[in-house]
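Results of the structural survey
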Amino acid sequence: MTADIYHLASLKEFLEKNELQAKRSLGQNFLFHKRELQKIIASADIQPNDHVLEIGSGLGHLTRMMEEAGAKVTAYEIDQRLTSLWPELYPGTKTEIRNQDFLQADPKDYSSCTKVVANLPYYIVKEIITKLISTNIPFRSLTFTLQKEEALRLAQKPGDPRYGALNAMLQILGPTECLSTIKQDNFYPRPHIDSAILKIGPITWPDPPTWAVTQQLIKTAFSQRRKQLQTSLKPLNITPEAFAQANVSPTSRPEELDPHSFLLLAQSF
Ligand code: SAM
């Protein structure tokens, strides 16, 4: 009989039996409660025939439930101690599990995935999201579980002091909403703070050249967020006509702009 890792006592027993200690340095907090995992699956609207890219699959708590919901899953997990337990935990799984650092993975290897779902390792949240949105794979949605503060920050709209470059990029792609909280007690080891589900989608991808310029504009503008765009964007030689065509005031600051204005500006020069 395979171990029941969806209950705290039996999860602890399983880890002890395998002499496994979660590595905090890799952001290992396993979300074991089925009801909470189900919330993620519902948020991502997982349907049969979805091909999901999962990053940081851990012991496969979420992976298995997505597979049971009918999805095909391609999963990346850096820790070989965890991936080596898969044959025992999920004999017959159809998931393709790759024992690899996702940040080093070649996007070609997951370009057929249609959605991303991940309980993210907290120490590289920005790096993972930035990689996902700059690879031009037309994912329909991105659904992440991350520290609540970080999820709330990424969902902030223009005008909030926490609103930054990544917020603008995500909000151009699609509605970016913090959907629900997952309490600390549903994870083992128990993290110091609650988590939350952040969903970006449905996504409408700009064409790749426009999207590349848009990202560059946003990064450049937010690198000097207190400056007016006419100053911070000087290195990009945007003409007054281009500003006018995009209906963007050259004296505005990046945090005041509707994120879609960056897209219009990218299309106008
Ligand atoms: N998905 C599991 C769950 O929901 O219980 C585990 C989530 S845990 C918060 C994050 C996982 O990401 C850990 O299993 C960790 O080993 C893995 N991880 C950390 N850095 C990674 C990387 N660079 N590439 C792939 N996986 C990574």
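Up top is the structure these notes are about.
Residues numbered from 1 in each chain as written. Predicted model: local features only at pLDDT ≥ 70, side-chain atom pairs only at ≥ 80, totals over all residues. Heavy atoms only, no water.

With respect to the pairing of strand S9 (residues 195–200)
Buried residues dominate S9, accounting for 6 of its 6 residues. What you see with S9 is no split at all: Ser195, Ile197 and Lys199 on one side and Ala196, Leu198 and Ile200 on the other are buried throughout. Alignment of strand S6 (residues 141–147) against S9, held across 6 bridges, turns out to be antiparallel. Each residue of the ladder has a partner; that of Thr143, found in S9, is Lys199. By the bridge criterion, 6 bridges tie strand S7 (residues 176–182) to S9 in an arrangement that is antiparallel. (Buried < 20%, exposed > 50% of the residue type's maximum accessible area, 1.4 Å probe, protein only. Helix = DSSP H or I, 4+ residues; strand = E, 2+ residues; numbered from the N terminus. Pairing = 2+ DSSP bridges.)

Observations concerning the nonpolar core
Generally speaking, a soluble globular protein has its nonpolar side chains buried in company with each other. Residues Leu53, Ile133, Phe139 and Phe144 are the most contacted members of the largest nonpolar core, which totals 54 residues. Among the elements that line this core, the one with the most residues is helix H8 (residues 165–173), at 6 residues. Counting contributing residues, this core receives three or more from each of domain 1 (8–200) and domain 2 (208–267). For Phe139, the contacting residues outside a window of four places in its chain are Leu53, Tyr110, Cys113, Thr114, Lys115, Val116, Leu132, Ile203 and Trp205. Core analysis: the next-biggest nonpolar cluster, separate from the first, contains 31 residues, Tyr6, Phe14, Val73 and Phe187 among them. (Core = buried A, V, L, I, M, F, W, Y, C linked by side-chain atoms within 4.5 Å. Domains from an automatic or database assignment. Contact = heavy atoms within 4.5 Å.)

Some details on the environment of Gly58
Note that Gly58 resides in the loop between strand S2 (51–55) and helix H3 (61–68). Distance from Gly58 to Glu77, taken between C-alpha atoms, is 6.3 Å for residues 19 residues apart in sequence. With residues near it in sequence (within four places) discarded, Gly58 still touches Phe30, Glu77, Leu82 and Trp86.

Let's talk about the side chain of Asp194
Within the secondary structure, Asp194 sits in the loop between strand S8 (187–188) and S9. A relative accessible area of 15% means that Asp194 is categorised as buried. Here Lys183 takes part through its side chain, which lies 3.2 Å from a polar atom of the side chain of Asp194. (Polar contact = N/O pair within 3.5 Å; in protein donor to acceptor, adjacent residues only side chain to side chain.)

Side note on the site of the ligand
The immediate surroundings of the ligand are formed by 22 residues, with Leu31, Gly56, Glu77, Asp101 and Asn119 found nearest. Side-chain polar atom of Gln28 to an oxygen atom of the ligand: 2.9 Å apart, as the coordinates give it. For the ligand, the accessible surface in isolation is 590 Å², of which the surrounding protein chains cover 99%. The set of elements that each furnish at least two residues to the shell around the ligand consists of strand S1 (30–31) and strand S3 (72–77). (Near = heavy atom within 4 Å. Areas by Shrake-Rupley, 256 points an atom, 1.4 Å probe, with all protein chains shown as cover.)

Things to note about the packing of aromatic side chains
A full pass over the atoms with the stated rule returns 8 aromatic pairs. Their ring planes at 70° and their centres at 5.4 Å tell us that Tyr76 and Phe102 sit as a pair that is edge-to-face. On the criterion of sequence distance, the pair formed by Tyr76 in strand S3 and Phe102 in the loop between strand S4 (96–99) and strand S5 (115–119) is long-range, its members being 26 residues apart. For Phe102, a relative accessible area of 5% translates into the label buried. Geometrically, the ring pair formed by Phe102 and Tyr110 is tilted, given 5.2 Å between the ring centres and 40° between the ring planes. When sorted by exposure, Phe102 lands in the same class as Tyr110, which is buried. Taken together, the ring pairs in this structure connect Tyr76, Phe102 and Tyr110 into an aromatic cluster. (Phe/Tyr/Trp six-rings, centres within 6.5 Å; stacked < 30°, edge-to-face > 60°.)

Focus: the packing of helix H2 (residues 34–43) against H3
H3 packs onto H2 with a crossing angle of 60° between their chain directions and a minimal axis gap of 10 Å. As judged from the angle between their axes, H2 and H3 are oblique. Considering the relative orientation of H2 and H3, their crossing is right-handed. Contact residues: Lys34, Leu37, Gln38, Ile40 and Ile41 in H2; His61, Leu62, Met65 and Met66 in H3. Of the residues contributing to the contact of H2 with H3, the split by class is 6 nonpolar, 2 polar and 1 charged. (Axes fitted to C-alpha atoms, helices over the stretch in contact; angles between N-to-C directions. Parallel < 35°, antiparallel > 145°, perpendicular 65-115°, else oblique. Left-handed = near helix turned anticlockwise from the far one by under 90°. Nonpolar A, V, L, I, M, F, W, Y, C, P; charged D, E, K, R; others polar.)

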